[in-house]
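# Tertiary structure, described
Okay, here's what each chain looks like letter by letter:
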Amino acid sequence: MLSVDLYRGEDALRADRTQVLRRSWQFVGHETMAPKPGDYLAEDVGGAPVVVVRNAAGALAGFHNVCRHRAGMLVADGTGHCGEALVCRYHGWRYSLDGRLKNAVDFGAVAGFDPREFGLFPIRVETWRGLVFVNLDLEATPLSDAMAPLAGEAPFPAFPLTERRSHLLACNWKAYVENYLEGYHLPMVHPEFDADVVVSDYEVRIEGDVVFQSAPPRNASVYAGTWAWLWPNLAINTYRHGYMIERIVAVSPEETRLDYFYFFDPERGAELREMFVASDRVTAQDKQVCEEVQRNLRAGVYRGGVLSPKHERGVAWFQTRIAQAHGEPAKAPTAVPA
Ligand code: FES
Ligand SMILES: [Fe+2]
């Protein structure tokens, strides 16, 4: 089990960000969100503002969204178009779309100032099936390695980004991930699920950096019956007529934002509305239990528990990876609380 202290406090969040979130592939959007040269996607990744921009050659390049002058931001978070240059919002330094400083506007003559030494800090950008990921670790292994377990999954249909929704949860991001990685709570927390999938046949499979969960869908289900989760904070939820990418963002030590990106068959308006009802209901139910758990982690009475070998292998695996990232020896779950 993980130490309860890892679910609270700035130190734990800082370590999660530097040891986990800034060293892993982080989803920032879909290629179609930045189709033309000069289009960009800007996001916070592990507490660091980053920007991904499409250059004149049509390729995506990524940078820390920080000006080399006095740390201004080049663009606000979100999507937009910057033309042929990224221009700092503070004093107007201009950077080409490959990150070079082109013009330190009206800076004045300074001996020894070489603009070539003041290019933007690069980050890695790679795509998988249209999904755009960044990695702040320039030495990271390729995205395709992380995605290899998903290679055999059916390709995503080319559905448009239909809707984005975000939900704020008063819990540590890991408490939400742990909830995501087990189906043990389905009968208590999501009793309606049994009408959609055969909960008793729920299965968890771990392969590389991916945890697969599956349950056979019933006939009229909005779900396709498989849920894939990529280390450390991304879920790929498939529905009968589309899919949803779920990004789990650590906003603060005890605050998590879920960003949902829905890609759905535009011909299926009725099913889309039905899917939103199901999706919002499930999120509200998970939010409630995760926030109750966080309240108890904060209370300090609970110091560690036990994990079910039948249902919570995904949770145990996640906790082991987190413990390793924090440099703690991984402790096997035991039947007796430590
Ligand atoms: S901080 Fe960017 S131009 Fe001054
Ligand atoms: Fe749930």
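Residues numbered from 1 in each chain as written. Chains lettered and ligands numbered in written order. Predicted model: local features only at pLDDT ≥ 70, side-chain atom pairs only at ≥ 80, totals over all residues.

### Let's talk about the overall build of the protein
Check the secondary structure of the protein and you find six helices and 17 strands. The C-alpha atoms of the protein give a radius of gyration of 22 Å, which matches the 20 Å a tight globule of 338 residues would have. The buried share of the protein, reckoned over its 338 residues, is 34%. Of the contacts formed within the protein by residues at least 6 apart in sequence, a portion of 57% connects residues at least 24 apart. (Helix = DSSP H or I, 4+ residues; strand = E, 2+ residues; numbered from the N terminus. Rg over C-alpha atoms; globule rule 2.2 N^0.38 Å. Buried ≥ 20, exposed ≤ 12 C-beta atoms within 10 Å, placed from the backbone. Contact = placed C-beta atoms within 7 Å.)

### A short note on the environment of Arg257
Assignment of secondary structure puts Arg257 in strand S17 (residues 255-264). Arg257 sits 50 residues away from Leu307 along the chain, and the two C-alpha atoms are 26 Å apart. Discounting residues that sit within four places of it in the chain, Arg257 has contacts with Ser166, Leu168, Val249 and Val251.

### Structural notes on the domain arrangement of the protein
According to the domain assignment, the protein contains domain 1 (26-139) and domain 2 (147-325). For domain 1 versus domain 2, the distance between C-alpha centres works out to 31 Å. Here the residues of the side of domain 1 that touches domain 2 sort into four nonpolar, two polar and one charged. (Domains from an automatic or database assignment. Nonpolar A, V, L, I, M, F, W, Y, C, P; charged D, E, K, R; others polar.)

### A word on the sheet that holds strand S6 (residues 85-87)
Strands sit in the order S6-S7-S8 across an open sheet of three strands; the sheet is antiparallel. Each edge of the open sheet is held by one strand with a lone partner, namely S6 and strand S8 (101-103). For this sheet the average axis-to-axis angle between neighbouring strands, irrespective of direction, equals 40 degrees. In this sheet, S8 lies alongside strand S7 (residues 94-96) in antiparallel orientation, the contact comprising two bridges. Of the residues in S8, the one forming a bridge with Tyr95 is Leu101. (Pairing = 2+ DSSP bridges. Axes fitted to C-alpha atoms, helices over the stretch in contact; angles between N-to-C directions.)

### Some words on the environment of Ala71
Topologically, Ala71 is positioned in the loop between strand S4 (60-64) and strand S5 (78-81). Along the sequence, Ala71 and Leu138 sit 67 residues apart, while their C-alpha atoms lie 21 Å from each other.

### Some details on the packing of helix H3 (residues 173-180) against helix H5 (residues 269-299)
Running from N to C, H3 and H5 point in directions that differ by 130 degrees, and their axes come no closer than 10 Å. Our classification of the angle between H3 and H5 gives oblique. For H3 against H5, the interelement crossing comes out right-handed. For the pair formed by H3 and H5, the contact residues are Ala175, Tyr176 and Asn179 on the first element and Asp286, Val289, Cys290, Val293 and Gln294 on the second. Taken together, the residues of the contact of H3 with H5 sort by class into five nonpolar, two polar and one charged. (Parallel < 35°, antiparallel > 145°, perpendicular 65-115°, else oblique. Left-handed = near helix turned anticlockwise from the far one by under 90°.)

### Some words on the nonpolar core
Within the largest apolar cluster, 80 residues are counted, with the highest numbers of intra-cluster contacts made by Val51, Val52, Val134, Tyr176 and Trp229. Apart from residues lying up to four places away in sequence, Trp229 is in contact with Tyr180, Leu181, Val210, Val211, Leu234 and Ala235. (Core = buried A, V, L, I, M, F, W, Y, C linked by C-beta atoms within 7 Å.)

### Quick word on the sheet that holds strand S13 (residues 210-214)
Ordered by their spatial adjacency, seven strands build an open sheet running S11-S17-S16-S15-S14-S13-S12, and the pairing between neighbours is antiparallel. Strand pairing shows two members of the sheet lacking a second neighbour, strand S11 (161-169) and strand S12 (203-207), which therefore form its edges. On average, each strand axis in the sheet is tilted by 20 degrees relative to the strand beside it, whichever way the strands run. In the sheet, strand S15 (residues 234-239) pairs with strand S16 (residues 242-252) via six bridges, with the strands oriented antiparallel. Pairing of Thr238 across the sheet is with Tyr243, part of S16. Sitting on the sheet, H5 is in contact with S11, S15, S16 and S17, with an inclination near 15 degrees to S11.

### Structural notes on helix H1 (residues 9-19)
Within the span of H1, buried status applies to Ala12, Leu13 and Asp16. One side of H1 holds all its buried residues, which, seen down the axis, span an arc of 100 degrees. Seen from the buried face of H1, the exposed residues on the opposite side, beyond 90 degrees, are Glu10 and Asp11. Check the buried side of H1 and you find it contacts S16. (Arc of directions from axis to C-beta.)

### Quick look at the pairing of S4
In this structure, strand S3 (residues 48-54) lies alongside S4, joined through five bridges in antiparallel fashion. Bridge pairing in S4 links Val51 to Phe63. Hairpin remark: S3 followed by S4, antiparallel, with five residues in the connecting loop; positive phi at Gly58, about 95 degrees. Pairing geometry for S4 and strand S9 (residues 122-128), over two bridges, is antiparallel. Within S9, the position partnered with Gly62 by the bridge is Ile123.

### Some remarks on H5
With 31 residues, H5 should reach 45 Å at 1.5 Å per residue; the first-to-last C-alpha distance of 45 Å fits that figure. Regarding H5, the residues found buried are Leu272, Met275, Ser279, Asp286, Cys290, Gln294 and Leu297. Summarising the contacts, the buried residues of H5 are in contact with S11, H3, helix H4 (186-189), S15, S16 and S17. At the exit of H5 stands Gly300, carrying a positive phi of roughly 85 degrees. (Expected span 1.5 Å × (residues − 1).)

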